[in-house]
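# Observations on the three-dimensional arrangement
Here are the chains, one letter per residue:
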Amino acid sequence: MLSASDLDTLLLTLKLASLATLIMLLIGTPLAWWLSRTQSAWKGVINAIVALPLVLPPTVLGFYLLLALGPHGAIGQLTRWLGIGGLPFTFAGLVLASVLYSLPFVVQPLQTAFAAIDQRWLDTAATLRASRLDSFFSVILPLAKHGFLSASVLGFAHTVGEFGVVLMVGGNIPDQTRVVSVQIYNHVEALEYGQAHGLAAVLLVFSFSVLLVLYSVNHKRWDGLR
Amino acid sequence: MFKHTLRVAVVFGFMLTNSIAFAETTLVAVAANFSKPMTEIAAEFAKTTGHSAKLSFGSSGKFVSQIENAAPFEIFLSADESGPEKLEQSGLAVAGSRFNYALGKLVLWSATDNYVDGQGKVLSNGSFKHIAIADPKLAPYGAAAVEVIKNLKLSDKLKPLLVQGENIAQTQQFISTGNAELGFIALSQVYENGKISSGSGWIVPDQLHAPIRQSAVLLNLGAENPAAQALLSFLNSTTAKAIISRYGYDLPQ
């Protein structure tokens, strides 16, 4: 049912989503923590910037990325100066685009979870001489574990479903930038409905399962709180 | 006094709706390579006939699949023959309405001056990282580009460097932003007043690929619309032909 090239796009998509999710968690955790605790005047601005991809059409992000990463753009000149070369049409470029595009889906659940943590827990941990790292792993992480679950699942799933940005900066290269959503689009455009159905069904089942797991887990948590 | 004004308004309103009834609008699906000439032709068409044409641009392959799924287009200006032929066979286009309106020209183009030489030698000598083409499955100019590369026996060298745009306009965008050093696009995209207007290019000789016979067809939805019929005959007018050849296309015999 799925051809070898369809399977390749699936594998590439999983690789992209895993790597992007990992990076988003690494960046998103300190960012969300800062956003949940800060009184800074910059909070609104940073919040707005992080949330931008939620409302911007992916074509806007794709267009700016294409310009910024290109040989005349600031990031493009930096990466070329560093010897990395140009990022458009590469897997690394897609990872960067995905991180920017899906970051709000990671930051927002974390921010909500962090905001719900009572400062007194942390103060208690501090009086018991827990280091900041220690209190992160033994206080914050367990208390915010549902936030981390939501963040990872949503970040991963949203990256899998990414399309417009990839179409604009990817260049449709097998094993590099040809992800599932682009492959489905091309099957449909080329009137290969049979193959489009195969891949589309895989994505549909995947997305539904992911959301089902997420909502079931969160539902149980609320039951437990009652 | 008020009554009089009202009567004038009613009569005037009648005249207005009447004139609108004569001026129809037609919705046209246009292959991306033909967007510049068609925009000009549509403006001339509106001036000459009073009808208006609304244009959508995209890849020919995409339009065929959209039309098969009940897209509201009345005319299809494809970049090839096979799309319109297919629609005619499946009964979605008016039989016998198909004709060639232009012969496409392929160009190897770079946004950088003096990058592409007059013989296209840069293809074998140049050290570039990316060469852009339109998706050969969706865009006839992409298929022609693949054919050229094969005929020049450069497939082994160039295949790993290929990046594909979804349609020919996106392909040009990859090149014009400098992300791909060069690529194959339609001559009409960079051709003005008898020469390539920016960057550098090699107009690919016709014998390196099968002719790109761009065909128009009247779709069933436009069969009863006088504006659709008028636009198709306007495409054959000397005004339209002059515009088409100004963008570097050859005219069908």
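Bear in mind the structure is a predicted one, so any value in this text is a computation, not a measurement.

## A look at the domain arrangement of chain B
Residues and elements named next belong to chain B. Under the domain assignment, chain B is made up of domain 1 (2-103 + 212-246) and domain 2 (106-203). Each of domain 1 and domain 2 has a C-alpha centre, and these two points are 30 Å apart. Each partner contributes residues to the interface: domain 1 has 13 residues there, and domain 2 has 14 residues. Interface of domain 1 and domain 2: buried area, both sides summed, is about 1,100 Å²; carbon and sulfur atoms make up 59% of it. On the domain 1 side of the interface with domain 2, the three residues burying the most area are Asn33, Lys36 and Ile212, jointly 41% of the side's total. Notably, a salt bridge pairs lysine 62 with glutamate 166, separated by 3.8 Å at the nearest N-O pair. Between domain 1 and domain 2 we count 4 residue pairs in polar contact (both at pLDDT 80 or more) in total. The set of elements that each furnish at least two residues to the side of domain 1 that touches domain 2 consists of helix H3 (60-68) and strand E12 (212-218). For the side of domain 1 that touches domain 2, the element with the most residues is H3, which contributes 3 residues. Taken together, the residues that form the side of domain 1 that touches domain 2 break down as 3 nonpolar, 6 polar and 4 charged.

## Looking at the interface of chain A and chain B
In this assembly, 23 residues from chain A lie in contact with 23 residues from chain B. The junction of chain A with chain B conceals about 1,800 Å² of combined surface from both sides, 55% of it contributed by carbon and sulfur atoms. Per-residue buried area on chain A facing chain B is highest for Phe89(A), Glu189(A) and Leu191(A); these three make up 32% of the total on that side. Connecting chain A to chain B are 1 salt bridge. Glu192(A) is the partner of Lys137(B) in a salt bridge, and the nearest nitrogen-oxygen pair spans 3.2 Å. Counting every contact that joins chain A to chain B gives 10 residue pairs in polar contact (both at pLDDT 80 or more). Where the side of chain A that touches chain B is concerned, the elements lending two or more residues are helix H3 (58-69), helix H9 (164-169) and helix H10 (180-189) of chain A. Ranked by the residues each element gives to the side of chain A that touches chain B, the list is headed by H10(A), at 5 residues. Classifying every residue of the side of chain A that touches chain B by side-chain character gives 14 nonpolar, 6 polar and 3 charged.

## Some details on the environment of Thr112(A)
Residues and elements named next belong to chain A. Here threonine 112 lies in helix H5 (residues 91-115). On the basis of relative accessible area, threonine 112 is assigned to the exposed category, the value being 56%. It is 7.4 Å that separates the C-alpha atoms of threonine 112 and serine 36, two residues lying 76 residues apart in sequence.

## Section: the pairing of strand E8 (residues 182-186) of chain B
All names here are of chain B. Counting buried positions over the 5 residues of E8 gives 5, a clear majority of the element. Judged from the 4 bridges that link them, strand E5 (residues 106-110) and E8 form a sheet pairing that is antiparallel. Across the sheet, residue leucine 108 finds its bridge partner in E8, namely phenylalanine 184. As judged from the 2 bridges shared by strand E6 (residues 131-134) and E8, these two strands associate in the parallel manner.

## What to know about the sheet that holds strand E1 (residues 25-31) of chain B
All names here are of chain B. If you trace the 5 strands from one edge of the open sheet to the other, you get E2-E1-E3-E12-E4, paired in mixed fashion. Strand pairing shows two members of the sheet lacking a second neighbour, strand E2 (52-58) and strand E4 (99-104), which therefore form its edges. Adjacent strand axes in the sheet meet at a mean angle of 20°, parallel and antiparallel pairs treated alike. When strand E3 (residues 75-77) meets E12, the two strands line up antiparallel, connected through 3 bridges. Bridge pairing in E12 links phenylalanine 76 to valine 217.

## A closer look at the sheet that holds E5(B)
Adjacent strands of a sheet pair through backbone hydrogen bonds, lying either parallel or antiparallel. Residue and element names in this part refer to chain B. Taken in spatial order, the 5 strands line up as E7-E6-E8-E5-E11 in an open sheet, and their pairing is mixed. Among the strands making up the open sheet, the edge pair consists of strand E7 (162-165) and strand E11 (200-203). On average, each strand axis in the sheet is tilted by 30° relative to the strand beside it, whichever way the strands run. Where helix H6 (residues 140-151) meets the sheet, its contacts fall on E5, E6, E7 and E8, and the angle it forms with E8 comes to roughly 130°.

## Some details on helix H9 (residues 226-234) of chain B
Within H9(B), burial applies to Ala227(B), Ala228(B), Ala230(B), Leu231(B), Leu232(B) and Phe234(B). In this structure Asn225(B) caps H9(B), since a side-chain oxygen of it lies 2.9 Å from the backbone nitrogen of Ala227(B).

Thresholds, definitions, all that
Residues numbered from 1 in each chain as written. Chains lettered and ligands numbered in written order. Predicted model: local features only at pLDDT ≥ 70, side-chain atom pairs only at ≥ 80, totals over all residues. Heavy atoms only, no water. Domains from an automatic or database assignment. Contact = heavy atoms within 4.5 Å. Buried area = accessible area lost by both parts, 1.4 Å probe. Salt bridge = Lys/Arg side-chain N within 4 Å of Asp/Glu carboxyl O. Polar contact = N/O pair within 3.5 Å; in protein donor to acceptor, adjacent residues only side chain to side chain. Helix = DSSP H or I, 4+ residues; strand = E, 2+ residues; numbered from the N terminus. Nonpolar A, V, L, I, M, F, W, Y, C, P; charged D, E, K, R; others polar. Buried < 20%, exposed > 50% of the residue type's maximum accessible area, 1.4 Å probe, protein only. Pairing = 2+ DSSP bridges. Axes fitted to C-alpha atoms, helices over the stretch in contact; angles between N-to-C directions.

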